[in-house]
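Notes for the structure review
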Amino acid sequence: MNLKNNSLMCIKYMNTLITKNFLPPILTALGICVALVGLVVMAGWLVGSSLLVQIQPEFATMKFNTALCFLLTGLSISAIKYHKAIFIRCCGITISILAILSLIQWIFDINLLIDNLLIQDKFEDPTAPPGRMSFATSLCFLLSGIALTLLTFRHISSYFIEIVSAFGSIILALGMIGLFDYALSLYTDYGWQQFTVMAIHTTSCFLLVGIALVLIALFDGSHSRVSFSAGIIPAVSVLVILCLSLSIALENNNTKHVKTVLKAQLNNQVEQTKSDINFITNALARGIKRWEMQLGQISQYEWQADAQLYVETLPHLISLSLLDDSFRPLWQATKDSSLSITELEDIVIRIPTDTNKTPQAFGITTPQSNNIVVLILPFSAEGKAKHDLLAVIDFSTFFKELTQTDVDESTWLNIKAGPDILFSTLTPLSAAQDAYSATQQAVIQGLEFEFEKGFSLESNVSGLGILSSTVFITGCLFIGVMFLAIYTSQKSRRLTNIINSEKERFRLVLEAAPGAMLLVDTQGNIEFSNTKVELLFGYEPKSLLGENVDILVPSAHRGHHAQLRHSYTQNPQFRSMAKNRELHGVHKNGQLIPVEIELCPIHTDQGLKILASIFDLSERTKQLVALKNSKEELDRAGRIAKIGAWEFNLNSKVVHWSTQTYKIHEVPESEPLTFEFATNFFSKSDLEVLNQAIEDAILKGTEWDLELPLTTLSGNLIWVRTQGQVEYENGQAVRLVGAIQDITEKHLVTLELERRNLELNNFAYVASHDLKSPLRGIDQLATWLTDDLRDSIDHQTKEHLRLIRSRINRMENLLDDLLAYARAGRKDAMTECVNVAELVQQTFKFCNVNDAFTLDLRGDTGDYLLVKTPLETVLRNLINNAIKHHDQTHGQITIEIKADVKHLEITVADDGPGIALEHRDKAFAMFQTLQPRDKVEGSGMGLAIVKKVVESFGGSIELSQNQPRGALFRFSFPARYNPK
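What comes next concerns the included structure. Nothing here was measured: the structure is a model prediction, and the numbers come from that model.

**Some points on empty space enclosed by the protein**
In the structure shown here, the tally under the stated rule is 2 cavities of 30 Å³ or more. In this structure, the largest cavity is lined by 16 residues; those nearest its centre are Trp-646, Trp-657, Ala-678, Thr-679 and Leu-690. Put simply, the parts of the chain that give the lining of the largest cavity at least two residues each are strand E16 (643-649), strand E17 (655-657), helix H21 (659-665), helix H22 (675-679) and helix H23 (684-700). Of the residues that constitute the lining of the largest cavity, the class distribution is 11 nonpolar, 4 polar and 1 charged.

**Notes on the environment of Ile-171**
Tracing the sequence through the fold places Ile-171 in helix H6 (residues 159-183). Residue class for Ile-171 comes out buried when judged on its relative accessible area of 0%. Taking C-alpha positions, Ile-171 is 5.7 Å from Cys-140, a pair spaced 31 residues apart along the chain. Not counting the four nearest positions on each side in its chain, Ile-171 is found in contact with Cys-140, Leu-143, Ser-144, Phe-206, Gly-210 and Leu-213.

**A word on the sheet that holds strand E24 (residues 891-899)**
Read across the open sheet, the 5 strands follow the order E22-E24-E25-E27-E26; overall the sheet is mixed. Edge positions in the open sheet fall to strand E22 (853-859) and strand E26 (957-961), since each of these has one partner strand only. Averaged over all neighbouring strand pairs, the angle between strand axes comes to 15°, with direction disregarded. The pairing of E22 with E24 spans 7 bridges and is classified as parallel. Bridge pairing in E24 links Arg-858 to Glu-896. Packed on one face of the sheet, helix H27 (residues 868-884) meets E22, E24, strand E25 (903-910) and strand E27 (967-974) and runs near 175° to E27.

**Some thoughts on unusual backbone geometry**
Between Gln-963 and Pro-964 the backbone carries a cis peptide bond, its omega angle lying at 5°. Structurally, the position occupied by Pro-964 is in the loop between E26 and E27. The phi torsion at Leu-113 lies on the positive side, around 65°, for a residue other than glycine. Tracing the backbone through its elements, the reader meets Leu-113 in the loop between helix H4 (85-108) and helix H5 (135-151). With phi around 60°, Lys-653 is a residue other than glycine that occupies positive phi space. Along the polypeptide, Lys-653 turns up in the loop between E16 and E17.

**Things to note about the nonpolar core**
The biggest cluster of nonpolar side chains holds 55 residues, and the ones touching the most others in it are Phe-141, Leu-151 and Leu-213. Elements represented by at least two residues in this core include exactly helix H1 (2-47), helix H3 (64-79), H4, H5, H6 and helix H8 (200-218). Dropping the residues within four chain positions of it, Leu-213 is found in contact with Ala-147, Leu-148, Leu-151, Val-164, Gly-168 and Ile-171. Counting 40 residues, the second-largest nonpolar core is a separate cluster that includes Leu-317, Trp-331, Phe-395 and Phe-399.

**Topic: the pairing of strand E19 (residues 717-729)**
Each regular strand shows side chains that alternate between the opposite faces of the sheet. With 8 bridges connecting them, strand E18 (residues 704-711) and E19 associate as antiparallel partners. Among the inter-strand pairings, Thr-711 is bridged to a residue of E19, identified as Leu-717. From the end of E18 to the start of E19, which pair antiparallel, there are 5 residues, and Gly-715 there has a positive phi angle of about 95°. Sheet topology note: the E19/strand E20 (residues 732-742) ladder contains 10 bridges and is antiparallel. Pairing of Arg-721 across the sheet is with Gln-741, part of E20. The turn joining E19 and E20, which pair antiparallel and follow one another in sequence, is formed by 2 residues; a positive phi near 55° is taken by Asn-730.

**With respect to the sheet that holds E18**
Read across the open sheet, the 5 strands follow the order E17-E16-E20-E19-E18; overall the sheet is antiparallel. Edge positions in the sheet fall to E17 and E18, since each of these pairs with one other strand and no more. Across the sheet, the axes of successive neighbouring strands diverge by a mean angle of 25°, strand direction being ignored. Taken together, the 3 bridges between E16 and E17 define a ladder with antiparallel strand orientation. Paired with Phe-648 across the two strands is Val-655, which belongs to E17. Relative to E18, H23 is tilted by about 155°, and along the sheet it contacts E18, E19 and E20.

**Topic: the pairing of strand E15 (residues 607-616)**
Burial runs high along E15: 7 of the 10 residues are buried. Where strand E10 (residues 516-521) and E15 come together, 6 bridges link them in antiparallel fashion. The residue bridging Leu-519 from the neighbouring strand is Leu-611, located in E15. Where strand E14 (residues 592-604) lies against E15, 10 bridges are found, and the strand directions are antiparallel. Bridge pairing links Ile-602 to Lys-609 in E15. The turn joining E14 and E15, which pair antiparallel and follow one another in sequence, is formed by 2 residues.

**Here's the deal with the packing of H5 against H8**
The geometry of H5 relative to H8 is characterised by a closest axis approach of 11 Å and an angle of 25° between their N-to-C directions. The angle between the axes of H5 and H8 places the two elements in the roughly parallel class. Relative to H8, the crossing made by H5 is left-handed. Residue-level inspection shows Thr-137, Cys-140, Phe-141, Ser-144, Ala-147, Leu-148 and Leu-151 of H5 in contact with H8, the latter providing Thr-202, Phe-206, Val-209, Leu-213 and Ile-216. Each residue belonging to the contact of H5 with H8 can be placed in one class, and the counts come to 9 nonpolar, 3 polar and no charged.

Definitions and cut-offs
Residues numbered from 1 in each chain as written. Predicted model: local features only at pLDDT ≥ 70, side-chain atom pairs only at ≥ 80, totals over all residues. Heavy atoms only, no water. 1 Å grid on protein atoms, 1.4 Å probe; cavity = no way out; pocket = protein on both sides within 12 Å on 5 of 7 lines; lining within 4 Å. Points joined across faces, edges and corners; volume = space filled by probe spheres on them. Helix = DSSP H or I, 4+ residues; strand = E, 2+ residues; numbered from the N terminus. Nonpolar A, V, L, I, M, F, W, Y, C, P; charged D, E, K, R; others polar. Buried < 20%, exposed > 50% of the residue type's maximum accessible area, 1.4 Å probe, protein only. Contact = heavy atoms within 4.5 Å. Pairing = 2+ DSSP bridges. Axes fitted to C-alpha atoms, helices over the stretch in contact; angles between N-to-C directions. Core = buried A, V, L, I, M, F, W, Y, C linked by side-chain atoms within 4.5 Å. Parallel < 35°, antiparallel > 145°, perpendicular 65-115°, else oblique. Left-handed = near helix turned anticlockwise from the far one by under 90°.

Right, dumping it as structure tokens:
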């Protein structure tokens, strides 16, 4: 209940804050803008400036009376801040009278001589009589005047505010629609334009006036309870109707545009048809002239061949025939035999016999086609007609191309030649729908053509267009937002009024609270206590009511508690006590109870009340004791393991050490700690390493683990292992935590081990070098013997000498492998960025001397941070083994690489004989070979070196059978991906 009361108070506070601090300057700014526009337009009328009065020549003008009303409206809105009720009321009544008179003129079509009373209208405006406000402007001013007048009486009735809200919503909607009209160039698309049109600055000002009235209604503070339902219903209804009317205007504009485009397309198609027919006619006329001039000089064959050329050349011409006086075909030239003589005769029969001797066209419908146009051209000699030339034109292809865009745009085209339909794309479905069409007549070569082009209203203007739908949806969304704002304001005011009826519920909630709750007045008298208080302090039910709260305070602190209570009433605010000190309450039997108390002030009609929430800390105290014991156990374990803990708060710069950490540094626990002091035990170079590790951890969220020398406060040099990580809160680093361990003994053992390993490596190198020297001498002697006795020794002796040299070479390789094995796994190499694909390919090329084997490289190849030489050693030995022990002269080696966060898993597989199951356990042992050394030269150390290198870097290697044959080695090697 405390939380709910606080929420109600917060809502009331925000409402008051907006009403007193933000609303007045906003209303003043809106009023000044409206008044300035009215004043500027009045000045424009006085000086005759069309720019100020009309903005654009095609726009409506803001009348002088309109500008005067805007001046009065803007001044009235600005005066609301100063509570000038009489001035606002006078302005509102004046505006209402002017608006009513203008509406009477519109309704009854009379002239009351108020339009040009102050100034004569010299601008042409077809939307209204000179000087008269439009019907919509008059309506908006009537609503504005009434709303301003009602604002001065809003203290009388809350329903006046509802009316102001409704009128403001209507004005806001009309202004918004008007602006949309001008923004989308739709101000000429209303059927009732003379009643609705407004100047562009008129619509802008009404938009500001509507916003001002709605804001006043929403945040009015004169009534504690206001119901907005009566204002919401008309406002929403009007807004929806106006949005719908705008969408209809948009749709009308869209239809008008479609009709204009339709007429243009129809004219273009008529001209194209006329051009094609005239082109063919003119071409044939020129041919006839030439033939008339050559009459008697050319044979019928040449004549017919010339006609065939015309048929092949001219577009859409499919037949050219010569007719005698009786209209019988003498000969025919056709395109690809597309028209037989029988079909030609059928066409001739359909031609009227009373044709004159001028070029004439006929539309012919045949069973084969209804796209036939026939041209009759007279052919005469010496001015006397004897024959006719018959040209048959098939326009099927032409009309399909002509109406290609019609298919895409859902329009249709009908073409009539005389009484017959020559071409049509009108479907029965389109014919059944409401449609708009345009018709154009054309006479081409004596034939009357009628072109009719149309579109289906359902297909082209189906419902609301995209633009109109968008406007309608936007308007509805705006209505929804405004409705939500009004509903939210209404709800906040209702919540404020519920507080007085919540007292009983408040008591029930406190009674049901899980903790002990006390309500006291400023004198400390207990007005309410729930059951938890009585159980905690051992009192009977209701026995604490009327008592002073001091009876629950230990007697030693009661005097000071009265002073604290008085101080709190002077500055009441939410306060949590016992944060840094121990508080106790006193039981009825005198026993002290550890408690924590939270105080919350509550402002009521009876004055300030204090709600105290009391929490019993008895169990928490027991837990703290147990936690302290656990900490002591942890410190004891740290002393045994020589591990200390530490913590550094990045915000407060406070450092905490455990007891063992103090002991490792040989610092007394009374020594004050700072970060500089805590890190001053390291040398300068080691401190740089540690600071870099900490910076990386803060930036990247990583941990650090370092082994560094440390000089204690007593001057003793020890080695420590320091580990740490960063803790984050809300994405920000807040503290460093970690551990420190004394590893001096371990470090000394490690140094001794490294010294002995170095001695062993030196011994292996010296032993290898000293053993190689006599071997080279023996090899040299065997060489000399072979050269000196080449001609005198038999084949067996030569073979023995060869075996001696072979065994010497094998011994040298064995010594090299022993030295390599001794050095394998050394970690003195640096990590570097390596392209694994290039490393594998280079190693394979080095081992594949004869180019007899192929490499199949797969997987996560790329750049990785790793130690290059050991990985190269492993790959070289595995690839060498695969090539050396292969049972064919050629083969394939497959290497697959898979990467995870910290390792590469590499698989090396071949298609050789493989390694039998019984030999896999000893394959990685030293000096082990699967074939005799005389057959395949080798020391048996390769896989042993591979195993030692891999395991020395924390990896593992395993051997299995490749499928369908061969060996498969899979090993892991430390690496991290390095993206470019």
